[in-house]
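Observations on chain architecture
Listed below, chain by chain, are the residues.
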Amino acid sequence: MRKVAVAGVGLVKVSEHWEKPIWGLFADAALQAVKDAGSDDVDSLYVGNMSGSLMQDQLNMGALMADALARPGLHAVRVEAGSASGGVAFHEAVKAVASGYSDCALVAGVEKMSDVLPEVAAKSLVMEEEQEYSAYTGVTRAGLSAMLHRLYMDLYSEPAEVGMMAVQSHENAVGCRHAQYPFRMSIERAMDSPMEADPIHMMECAGVGDGAAAVVLVPADAAGVEVAATAVATDYCSLAMREDPLTLGAVMKAAEKAYRMADVKPGDIDLAEVHDDYTINGVLSLESLGLVEAGKAAKLVAEGGAARDGSIPTNTFGGLKARGNPLGATGVYQVAEVALQLRGSAGDHQVEGAEVGLAQNMGGMGSTCAVTILRRLAP
Amino acid sequence: MGYGAYVPIYRLEASEVNRVWGGVGVPVEEKSVVAPDEDTVTISVEAAKQAVKRSGIDPSEIGAVYVGTESKPYAVKPSGTIVAEAIGATPSVSTADYEFACKAGTEAMQNCIALVGSGMHRYAMAIGADTAQGRPADALEYTAACGGAAFIFAERGADTVAYLEASYSYVTDTPDFWRRSKEMYPRHGNRFTGEPAYFKHIHGASKGLLEETGYNPEDFDYAVFHQPNTKFPIRVGRSLGFTMEQIDPGLLAPKIGNTYAGSTPVGLAATLDVAEPGAKIFAVSYGSGSGSDAFVFTVQEAITGKRGGPKLARFIERKKYVDYATYLRFRGQIIQ
Amino acid sequence: MSVPRYWREEVPRYRLLGKECTGCGTRFFPARPVCTVCGSTEFKDYKLAEAGEVVTWTVIRNPPTGFEKYRPYVVALLELDDGVRLLSQVVDVDPEEVHAGMRVEAVFRRVKEDGNAGIIQYGYKFRPVVE
C-alpha cells in the first residue's frame, strides 16, 4: 500500500444557498479542489452525503456528481454513514489511492439542508438512530446528547463548562471566510438561550446549513500533506447498549487504529477537528480520542485549552458549531481544514508549528466514527 | 374472576369551565381528562392488565375480549383486537366492540356472562371505557370524562371474587342523546334526558330485577348507578329506596365526571375495592338510546386476595389540574 | 408509516417481550440475531420486568415529524429491575419532577398516528409508579 497525500482543497462557505442546487454546491467545491491540486486527472469520485434521498429525493448521487463534472465513465459512488458520511467517504478514497486502484481521487462532501423544514432536518438526524426502539420514543439527536450531557454534569462539571465548547468554537471562527457563524458568542448568551432538549441550550447546538467541501488525493511525494492514517469504527447504536454511555467506543477504536497506523501517540497531535454537533459531543470526543483524560475535557476547554495557543487546539476554524455542520459534508470540511493548517495556509487561524493534525467525524450517537490523521511531510 | 379499573391523571374543574364560558353550573366538581397519548384502547389495556394480574389466570386462556365504548379510536377495527394482543389473549380469542352509549360496557358484561354461562368460553373479559368528548359551552362539557374498568368472567368457583345472581336488561327506542356517524359531538334532548330516559329505564330495569329476584333495596350493601353527574344517581337511588350509605362508595362522578361506558363499570370496580365477602351489590347502568342493564352480585371470600395493586381510589387521588386551553389541546379540539 | 413495519413490532412493544440468549442467559430488548456477549444465535422469549428506574433523561422541546403535538415530553434511559436498559418516554409527570433513580412502571400509550386516516401506532411508555 502506497502513501497518500492531499493535493488540493476546496471549501464553500456554509450558509443557506437558496439559489444553488445540490450539484451546484458540489461543483463549486470540487472544481476549487481540482484547481488547487493543479491537476484534473481525477479517476475516482467519492461523494459524502447523508440526507440527499430525504431532502432532495436524490439517490445515485455518485453518478449525478460525475455528470455535473462532465466526466462520463468516471468511477463514482456516494458514501453514506449518517453524519460520518464525509469522513467515511474520505476513508474510501484514501484506500482507492493507497491500493493503486486510483491515481487521483476526488472526495467531496455535500449537503443541502435548507431545502427542507426544520422538523424534517431534525427527523433526518434521528434517522441515524435505530428506528423501531430508539427513534420510536420520539427522541431527537439533541435529546440523546442531552442525556449524556446530564450524566457528564452529574459526574464532572458545571453546565457552563460544557457550554464553553461552543464559545471556544465561535472564538476560533472569527474571521473565517467559510464559516457559517464567524462571530463571537458569550457563555451568557449560550446559557440564556432557550432549552433545545434539557439540559442542552439552543446556542450549544450546531445549526442547519448548506455546504460542500472537497479534497483531491494522490500518491504521496517527498513533501506536502500526507494521510498518515484513516480508520473507521462502529459501536452499538442505542445508548441502552453502552456499558458506559460517556465513553464513545467507536471514537476510541477508530482513534486507536489511527494512532497505530500513523505511529503517533495522542500527545503528538497538534490540532484536532472534532464533532461538536452538541457541546457535550465535542467534549466526549476529546476524551474518547485520548486527547484529554476522561472527565477533564469540559474544564480544559473552559480554561482555554482548546484555543489556538492552548494545549490541544480544537476546531480551529469553528468546528461544527461555528463553521457549520452540513451533515454529509462536515467530515470533508474537517480534513480540508487540517490540511490547510499543515500547509501553513490557515491565515489568522494558524496553529503555530502544526505538524500532525486529527479529524474526527461521527455518525449517529457515536455509532460510526471516522478518524483521520494528516502529517506534514518536510523534504 | 378478576377486575381492574383506570382513570387518567389530568383533571378539569367545573369552575375552570365557568371561568371561560361565564356559566355557573357545577354538576360535578371536576372531571378526568386523558393525556394526548391516551385513548379508549390505552385505558382499556390498563384496566385489562390489572384484571388479568389480579385474576391470576393465564391470559391466553381468555376466550373473548369485548370492549364497550362510544369513543372507539377506529370506526372499523375493534379496540378489542389491540387490547387482546396487548394482554396476550391472542390468537384463540373472539373480540368485537359494543356500542350502546353509556351502557356499552355493561352490554359487553351481559354477553361475556352468556359466553361463560353457555360453556363456550372458560374466561371472557368485558371492558367499559370511554374518552367522552364534550361540545364546548354545552352542559355536558362539565361532565364528559375519561376512564374504564375491565371484568373477567368465569364459572363461579372458590376463586371467583363475586358471583352474579341475576341480571336484567330494559331497552326501548328513546332518542334522548345520539351522535350521527360523521359528527364530532353528540346531541341531546336536554331535560328530555331525565324522566323519559335516565329515570324511566333505570327504574324499569331495577324494578324488573328486584321483582324477579324477590330482593328489596334493604337487602343490599351497595347500590351503583350510572352517574352522568352527582345528582342523578342519588335521586334515582333514593327514589328506588336505596340510601346514601349504599350509594356513596360507588359514586365517583363528583371527582371524575361521567366516564360514559366506563361509568357503571368503574363505579362497580370502586365498590369491589372496598366490599367485604358476603356483601350484595345492586348495579344498574344507563345508556342513551335507551336502556339499562341491572345486575345483582354477591361478593365472595376470594376477593380479599384478589384486589392487590393500586385501587381506583388511588388513581382518583393521583391528579394534575389542567386549565381550559390545555384541556382543549389534550382533547384535540383546537383547530390547527 | 409502513403497516408491516408497525405490525412486526406489535408483540415486543405491547408486551415488553425481549429475548434471552440460550448460551449465556444475557437478556436483550429488542431482539437481535447474535448475542453480544457469547456470539450465540439461539434465543428464547423473555418477558421484561415492567418496572425500573431512570438513569438519565431529557425533555424534547423540538420534536421530529410526527411527534409535534406531544411537546414537550420526557425521554429517558431506563434501567429495569431485571437489569435490561431501554429508552422510553416518561409520562404523567412534569419534567421538573423527573430525577435519576425515579421509580417508573410500564404503561400502554399512543405513540403517533399516520394522519387522520392512517393507522394509530401504540407502544410502551413509563410513568412514575402508582402504588
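Residues numbered from 1 in each chain as written. Chains lettered and ligands numbered in written order. Predicted model: local features only at pLDDT ≥ 70, side-chain atom pairs only at ≥ 80, totals over all residues.

Another point: the overall build of chain C. Counting its secondary structure elements, chain C contains two helices and eight strands. When the elements of chain C are put in sequence order from the N terminus, they spell out α-α-β-β-β-β-β-β-β-β. Residues counted as buried form 39% of the 131 residues belonging to chain C. (Helix = DSSP H or I, 4+ residues; strand = E, 2+ residues; numbered from the N terminus. Buried ≥ 20, exposed ≤ 12 C-beta atoms within 10 Å, placed from the backbone.)

In this section: the sheet that holds strand β3 (residues 43-47) of chain C. Residues and elements named next belong to chain C. Taken in spatial order, the three strands of this open sheet run β2-β1-β3, and their pairing is antiparallel. Looking at strand neighbours, the two that pair on one side only are β2 (27-28) and β3, the edges of this open sheet. Summarising the sheet, strand β1 (residues 17-21) and β3 pair through five bridges and their orientation is antiparallel. What sits directly across from Cys21, in β3, is Phe43. (Pairing = 2+ DSSP bridges.)

All names here are of chain A. With their axes 8 Å apart at the nearest point, helix α7 (residues 159-173) and helix α10 (residues 279-288) run at an angle of 95 degrees to one another. Judged by the inter-axis angle, α7 sits roughly perpendicular to α10. Of α10, the residues touching α7 (which contributes Val162, Gly163, Met165 and Ala166) are Thr279, Ile280, Gly282 and Val283. Among the residues making up the contact of α7 with α10, the classes are represented as five nonpolar, three polar and no charged. (Axes fitted to C-alpha atoms, helices over the stretch in contact; angles between N-to-C directions. Parallel < 35°, antiparallel > 145°, perpendicular 65-115°, else oblique. Contact = placed C-beta atoms within 7 Å. Nonpolar A, V, L, I, M, F, W, Y, C, P; charged D, E, K, R; others polar.)

Let us now look at the interface of chain B and chain C. In this complex, chain B contributes 19 residues to the contact, which on the side of chain C involves 16 residues. Listed by contribution, the elements that provide at least two residues to the side of chain B that touches chain C are α2 (40-55), α3 (79-87) and α10 (312-317) of chain B. The biggest single contributor to the side of chain B that touches chain C is α2 of chain B, with four residues. Taken together, the residues of the side of chain B that touches chain C break down into ten nonpolar, two polar and seven charged.

This part covers the interface of chain C and chain A. Counting from both sides, the interface comprises 26 residues of chain C and, opposite them, 25 residues of chain A. Looking at the side of chain C that touches chain A, the elements that each hand over two or more residues are β4 (51-60), β5 (73-80) and β6 (85-90) of chain C. Class assignment of the residues belonging to the side of chain C that touches chain A gives a composition of 15 nonpolar, seven polar and four charged.

Residue-level pLDDT values for chain C average 96, and 100% of them are 70 or greater. Interface scoring of the predicted complex returns ipTM 0.96; its pTM is 0.95. (pLDDT = per-residue confidence, 0-100.)

What follows concerns the domain arrangement of chain C. Residue and element names in this part refer to chain C. The domains assigned to chain C are domain 1 (1-48) and domain 2 (49-131). For domain 1 versus domain 2, the separation of C-alpha centres amounts to 20 Å. The partner domain 2 presents 15 residues to the ten residues of domain 1 that form the contact. Within the residue set of the side of domain 1 that touches domain 2, elements represented by two or more residues are α1 (3-8) and α2 (10-15). For the side of domain 1 that touches domain 2, the per-class residue count stands at seven nonpolar, one polar and two charged. (Domains from an automatic or database assignment.)

With that settled, consider helix α4 (residues 85-98) of chain A. Note: α-helices contain 3.6 residues per turn, so residues at a spacing of three or four share the same orientation. Residue and element names in this part refer to chain A. Between its terminal C-alpha atoms α4 stretches 20 Å, which fits the 20 Å expected from 14 residues at 1.5 Å a residue. Burial within α4 is extensive, with eleven of its 14 residues counted as buried. For α4, the full list of buried residues reads Ser85, Gly86, Gly87, Val88, Ala89, Phe90, His91, Ala93, Val94, Ala96 and Val97. Downstream of α4 by one or two residues, Gly100 has phi in the positive range, about 90 degrees. (Expected span 1.5 Å × (residues − 1).)

Moving on: the pairing of strand β12 (residues 280-284) of chain B. Residue and element names in this part refer to chain B. In terms of residue burial, β12 counts as a mostly covered element, since four of its five residues are buried. Relative to β12, strand β11 (residues 222-225) is paired through four bridges, and the arrangement is parallel. The residue of β12 that forms the bridge with Ala223 is Phe282. Where β12 lies against strand β13 (residues 289-299), five bridges are found, and the strand directions are antiparallel. Along β13, the bridge assignment pairs Ala283 with Phe295. Hairpin geometry of β12 and β13 is characterised by an intervening segment of four residues between the two adjacent antiparallel strands.

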